Amino acid sequence: ELARRGVDTGRAAIAAAFAQGSIGQALKLCEDESFEEMRQELFKFLSQIPQLSQLEVMKGAQLWDQFKGEQEALFSLLLIWYRDILVYQETRDPAQILCADQLETIASMASYYENRKLIQITDKVLDIHKKLKANANAALAIDCLLMELK
């Protein structure tokens, strides 16, 4: 439906995953330029992790400051990103990738991360997200998450 309305396939897949099947919500996300900006900036940062030092990875906390009111979206995008890497690593099937516009980068990241590390990262994302909902210190929690990404 989204593609039929002229929405880029990569953007449509992310929006559909995000909206959990709600076409109206997915269309709204596709039209939201701030969501697209956040998605692009986060994915750019995540794709650079193999080349970054641990200190540079820690500077990724700036994304959480920049998109302060979008914590739920940031965590969802993190999970989608690492899910895609894990799925690509296991299947090598581009049709299974939600971030179709990031396929080349996802394929590259699949060779960087070990399967076990991807699962650890996903677990840490879920754990930190849960802790933040329970009012953990946000800066400290994000630092802990970022340390796990390298």
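Everything here concerns the structure above.
As a starting point, this report considers the structure included with it. If you're wondering where the values come from, they're calculated on a predicted model, not measured in any experiment.

1. Here's the deal with the overall build of the chain
Okay, step 1: Helices and strands together make up the secondary structure of the chain, namely nine helices and zero strands.
Okay, step 2: In sequence order, the secondary structure elements of the chain are arranged as α-α-α-α-α-α-α-α-α.
Okay, step 3: For a compact globule of 150 residues, the expected C-alpha radius of gyration is about 15 Å, and the chain comes in at 15 Å, within 12% of that figure.
Okay, step 4: With respect to the three principal axes, the spread of C-alpha positions in the chain is 45 × 35 × 25 Å.
Okay, step 5: Going through the 150 residues of the chain one by one, you find that 41% of them count as buried.
Okay, step 6: Across the chain, every contact between residues at least 6 apart in sequence was considered, and the portion connecting residues at least 24 apart equals 63%.
Okay, step 7: Total accessible area on the chain is roughly 8,100 Å²; 50% of this is exposed by carbon and sulfur atoms.
Okay, step 8: Separation between the mean location of the 17 positive side-chain charges and that of the 22 negative ones in the chain comes to 4 Å.

2. Overview of the pattern of salt bridges
Okay, step 1: Within this structure, the stated rule accounts for seven salt bridges.
Okay, step 2: Linking Arg 116 and Glu 114 is a salt bridge whose minimum nitrogen-to-oxygen distance equals 3.5 Å.
Okay, step 3: Ionic pairing is found between Lys 131 and Asp 127, a salt bridge with its closest N-O pair at 3.1 Å. One end of the pair, Lys 131, and the other, Asp 127, are both in helix H8 (residues 115-133), four residues apart, so they sit about a helical turn from each other.
Okay, step 4: Of the residues examined, Lys 131 reaches a relative accessible area of 41% and is grouped as partly exposed.
Okay, step 5: For Asp 127, a relative accessible area of 26% puts it in the partly exposed group.
Okay, step 6: Salt bridges here are not isolated pairs; linked through shared partners, they connect Glu 36, Arg 39 and Asp 101.

3. Comments concerning the layout of surface pockets
Okay, step 1: There is about 190 Å³ of room inside the largest pocket.
Okay, step 2: Ala 61, Trp 64, Asp 65, Phe 67, Lys 68, Gln 71, Leu 132, Ala 138, Ala 139, Ile 142 and Asp 143 together form the lining of the largest pocket.
Okay, step 3: The set of elements that each furnish at least two residues to the lining of the largest pocket consists of helix H5 (61-66) and helix H9 (138-149).
Okay, step 4: Per element, the largest residue contribution to the lining of the largest pocket is four residues, and it comes from H9.
Okay, step 5: Class assignment of the residues belonging to the lining of the largest pocket gives a composition of seven nonpolar, one polar and three charged.

Parameters at a glance
- Residues numbered from 1 in each chain as written.
- Predicted model: local features only at pLDDT ≥ 70, side-chain atom pairs only at ≥ 80, totals over all residues.
- Heavy atoms only, no water.
- Helix = DSSP H or I, 4+ residues; strand = E, 2+ residues; numbered from the N terminus.
- Rg over C-alpha atoms; globule rule 2.2 N^0.38 Å.
- Buried < 20%, exposed > 50% of the residue type's maximum accessible area, 1.4 Å probe, protein only.
- Contact = heavy atoms within 4.5 Å.
- Areas by Shrake-Rupley, 256 points an atom, 1.4 Å probe, with all protein chains shown as cover.
- Lys, Arg positive; Asp, Glu negative; His and termini not counted.
- Charge placed at Lys NZ, Arg CZ, Asp CG, Glu CD.
- Salt bridge = Lys/Arg side-chain N within 4 Å of Asp/Glu carboxyl O.
- 1 Å grid on protein atoms, 1.4 Å probe; cavity = no way out; pocket = protein on both sides within 12 Å on 5 of 7 lines; lining within 4 Å.
- Points joined across faces, edges and corners; volume = space filled by probe spheres on them.
- Nonpolar A, V, L, I, M, F, W, Y, C, P; charged D, E, K, R; others polar.

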